[in-house]
Amino acid sequence: MLSDDPGTAQEGSSRDDENGAARRYLDEVRAEIDDEVRRRRTSGDLPPNLERELDQLFLAHSPLGGRGAALRDMLRLVDASVFIDPVVPVASRRPGGTAIKKGLRSLNLWYLRYVTHQVSEFATAVSRALHVLDAQVTDLRRKVDALAVPPSVAVDVAWAHHPDAWWVEVVTGELSGQSGRVLHAACGDGFLVRALVARGVDAYGVDPVERVPGLEFDPLDLRVENIEEHVGAVASGSLEAVVLSGVVEGSGYVERRRLLGGAVRGLGPGGTLLVHSLTPAAWESDDAPVEADMVAARPYRPRTWIGVLGDLGLDATVTEGPDGRDYLVTGRVAPRSP
Amino acid sequence: MKVAFVTPRYGAEVMGGAESAARQLAEHLVAEVGAQVEVFSTCALDHITWDNVLPPGDSVFNGVTVHRFASTSGRVPEFYELDARLRMAPAEASLEQARLWLEFNGPVTPDLVEALRHSDAEVIAFYPYLYYPTVLGMEAATAPRVLHPAAHDEPALYLKVFDATFSGADAICYHTAAERRLVQRRHRVAQLPQIELGLGVSPVIEGGRSGGDVLGIGDRPYVVSVGRVDDHKGSSMLAAFFRTYKKRNPGPLALALVGPVTASIPPHGDIVLTGAVSEADKCDIVRDAEVSISPSALESFSLVVLEAWELSVPVMVNAACDPTREHCERSGGGLWFGSYREFEVVLQRLCADPGLRTRLGRSGHDYVDRYYQWPELISRYARFLTAVRGRYEAARA
């Protein structure tokens, strides 16, 4: 529920400040701990065998996909297992057992040593190859990171993203009476979802930033999620419509293509894709969102969308805003053939 | 509203994250919202054998009507060989192999599934995703189905037999955002109505003794780890880390492992194994601990972390466990370790700095107070279930 009570809002805001301070403090402590761990690792105060054994114990029950599971961590496990010991333990609980085992071991040792030596050699070679690979991947990642384009951002534009904006009426009119599921990204504080739900539309929203305290999202099904990941996790053909606002302006060409491709895949036959965008001129103006200076992207000109959505198989039209600062693109998926 | 829960084990004797969570939600729905709640479960207490030890039939427990059905088979010996074979590349296993895995894992409960077909519940909640009653029950249910996956990053999540379980749900209830991300990386279910709920923390019941007295270690400072003492829960790893820590950092610090013991922990003068303890003793022990440690990498929520924060005790968690780490990051109430090195540095820092402990404990307490109090949490859940039912009826109309 989005709170209209200023008292509640103030209390929530003060709690948010406290929570932000707690997180910042945690970050500081974590940074100090990381420095100390690095310092001790280089000092070599822990015997390598013991460290390997303990790390192996840690990794034994860690999910491979978990955070912090790097190739280097996995290699520690490989390194710990490359040597195959041919000297079989001979302890026994039975009388004479040890002597018998010792005899068998002596008889077989030349053979076992020959085999295990080759297996160990092979494992060592594989481990070395993986270490080389790890070094190369790490180096490559460093270079890629240096070249990386900043991730796309959802922009929140006060004059364009509010319940009384001209395009909100167009979108709600377009989607009223639809029975299927409708996604709005980035949903902000839920201004469009609320309007759609009020008209009986089964709408939900996603925003990468927590614009209002999470718990107040519930009754409207608004979620804090990465938009591209969300769209990628939507079942094919499961949506009646996707509305994108504040999303495409700040995303690069590849991200934009991926996002649009995912959104179109999520639409069922006859589905609608609605894209609200600032114009390039508004993006360049003084009252543009600060993200305009920070991302290597600019909005398309309205007519570009006809071709972009046409390539994705949609029939597109553009409605320009009253003062030329923004526009709404409507793309339709062909209905199911009879 | 009439709500049904489907869970493979049910009862006060059951120690298990998902099953306990189902029971708590069921009982709080009855007590705080006045909902009519029934549970479909088995006669088993043991999640490995699934032996039928409780009598089948109907009973009422804390206001909840419980229907128990005997299983026709539990986990069979062939399970282990198949599991070992499939867990290397679970996503590559065929649907037939995955179905076999599900049946071999048990509990196979055709009577429970049949009973679900005739349930007059308005909404049915399935908890967790992993077992036969959920997979087959979801196919049979005629009311809207809410899936509580209680998923963590385990090989079974990638088996094809669960694809229809996730995609067939009418709504999903997650413990944490981390669980949602995990599920959505594997299953395309983002468009389904969903909620991040978690569980509430019950009021503290203190016994009035000092934690050291309960543990029999007097005034010695100690750290605590609460929960099943089990290899899979990271208990052996924690014990080994602590033994090494004590060798390198001599002093009075002790480790208390509080919970039923299934792992083999070598005896050590600084490690206390309590076995199962009463709620009051547990509270006394946790309240006086320097730090509460959750060593498990496989948690989908971890109530023990929140219970420590309820008592303003800071926590240390396994860095590879996304949900517990997310709790720490969001609250600022705890630190995490991803190796022995980190374990040592974090524990030294926490033990040496009372100001840090106080601050983390307070942040954790605020987090629990804000998000995980039963009355608010159960109201959210009830609203969510009502919305799921409303959406289902609208679609039918």
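This is a predicted model, so every value here is computed, not measured.

Caption draft 1: Broad picture of the packing of aromatic side chains. All names here are of chain B. Tallying each qualifying case throughout the model produces 23 aromatic pairs over all chains. Look at tryptophan 101 and phenylalanine 162: their rings are 6.3 Å apart centre to centre, the planes differ by 80 degrees, and that puts the pair in the edge-to-face class. Taken together, the residues tryptophan 101 in helix α3 (residues 95–105) and phenylalanine 162 in the loop between β6 (145–147) and α6 (163–167) connect sequence positions 61 residues apart. Its relative accessible area of 0% is what places phenylalanine 162 among the buried residues. Taking the centre distance of 6.3 Å and the plane angle of 85 degrees together, the rings of tyrosine 245 and phenylalanine 343 count as edge-to-face. Here phenylalanine 343 lies in helix α13 (residues 340–352) and tyrosine 245 lies in helix α9 (residues 235–248), a separation of 98 residues in the sequence.

Caption draft 2: Up close: the interface of chain A and chain B. Each side of the interface is counted separately: chain A has 53 residues, and chain B has 58 residues. A combined buried area of about 4,900 Å² lies between chain A and chain B, and 53% of that area is made up of carbon and sulfur atoms. At the junction of chain A and chain B, the tally comes to eight salt bridges. Note that B:Arg341 is salt-bridged to A:Glu51, the shortest N-O span being 3.2 Å. Between chain A and chain B we count 20 residue pairs in polar contact (both at pLDDT 80 or more) in total. Elements with a minimum of two residues in the side of chain A that touches chain B: α1 (6–43), α2 (48–60), β2 (202–207) and α7 (227–232) of chain A.

Caption draft 3: Structural detail: the nonpolar core. Residues and elements named next belong to chain B. Counting 101 residues, the largest nonpolar core has Phe5, Leu25, Leu29, Phe343 and Tyr381 as its most contacted members. For this core, the element with the highest residue contribution is helix α15 (residues 374–396), accounting for eight residues. Setting aside anything within four residues of it in sequence, one finds leucine 25 in contact with Phe5, Tyr127, His148, Leu197, Leu199, Trp374, Leu377, Ile378 and Tyr381.

Caption draft 4: A look at the packing of helix α4 (residues 110–117) of chain B against helix α5 (residues 132–140) of chain B. All names here are of chain B. In the contact formed by α4 and α5, the axes pass within 9 Å of each other and the chain directions differ by 30 degrees. When the axes of α4 and α5 are compared, the pair comes out roughly parallel. Judged by the twist between their axes, the crossing of α4 over α5 is right-handed. Mapping the contact onto sequence places Pro110, Leu112, Val113, Leu116 and Arg117 in α4 and Tyr132, Pro133, Leu136, Gly137 and Ala140 in α5. Residue composition of the contact of α4 with α5, grouped by class: eight nonpolar, one polar and one charged.

Caption draft 5: Here's a closer look at the sheet that holds β2(A). Residue and element names in this part refer to chain A. The sheet built from seven strands is open, its strands ordered β3-β2-β1-β4-β5-β7-β6 with mixed pairing. The sheet terminates laterally at β3 (222–224) and β6 (315–320), the two strands that pair on one side only. Averaged over all pairs of adjacent strands, the angle between strand axes in this sheet comes to 15 degrees, irrespective of strand direction. Where strand β1 (residues 181–185) meets strand β4 (residues 239–245), five bridges bridge the pair, whose relative direction is parallel. Paired with arginine 181 across the bridge in β4 is leucine 239. Contacts from helix α11 (residues 304–311) reach β5 (267–278), β6 and β7 (326–332) within the one sheet, and its direction differs from that of β6 by about 155 degrees.

Reading the values: rules and limits
- Residues numbered from 1 in each chain as written.
- Chains lettered and ligands numbered in written order.
- Predicted model: local features only at pLDDT ≥ 70, side-chain atom pairs only at ≥ 80, totals over all residues.
- Heavy atoms only, no water.
- Phe/Tyr/Trp six-rings, centres within 6.5 Å; stacked < 30°, edge-to-face > 60°.
- Helix = DSSP H or I, 4+ residues; strand = E, 2+ residues; numbered from the N terminus.
- Buried < 20%, exposed > 50% of the residue type's maximum accessible area, 1.4 Å probe, protein only.
- Contact = heavy atoms within 4.5 Å.
- Buried area = accessible area lost by both parts, 1.4 Å probe.
- Salt bridge = Lys/Arg side-chain N within 4 Å of Asp/Glu carboxyl O.
- Polar contact = N/O pair within 3.5 Å; in protein donor to acceptor, adjacent residues only side chain to side chain.
- Core = buried A, V, L, I, M, F, W, Y, C linked by side-chain atoms within 4.5 Å.
- Axes fitted to C-alpha atoms, helices over the stretch in contact; angles between N-to-C directions.
- Parallel < 35°, antiparallel > 145°, perpendicular 65-115°, else oblique.
- Left-handed = near helix turned anticlockwise from the far one by under 90°.
- Nonpolar A, V, L, I, M, F, W, Y, C, P; charged D, E, K, R; others polar.
- Pairing = 2+ DSSP bridges.

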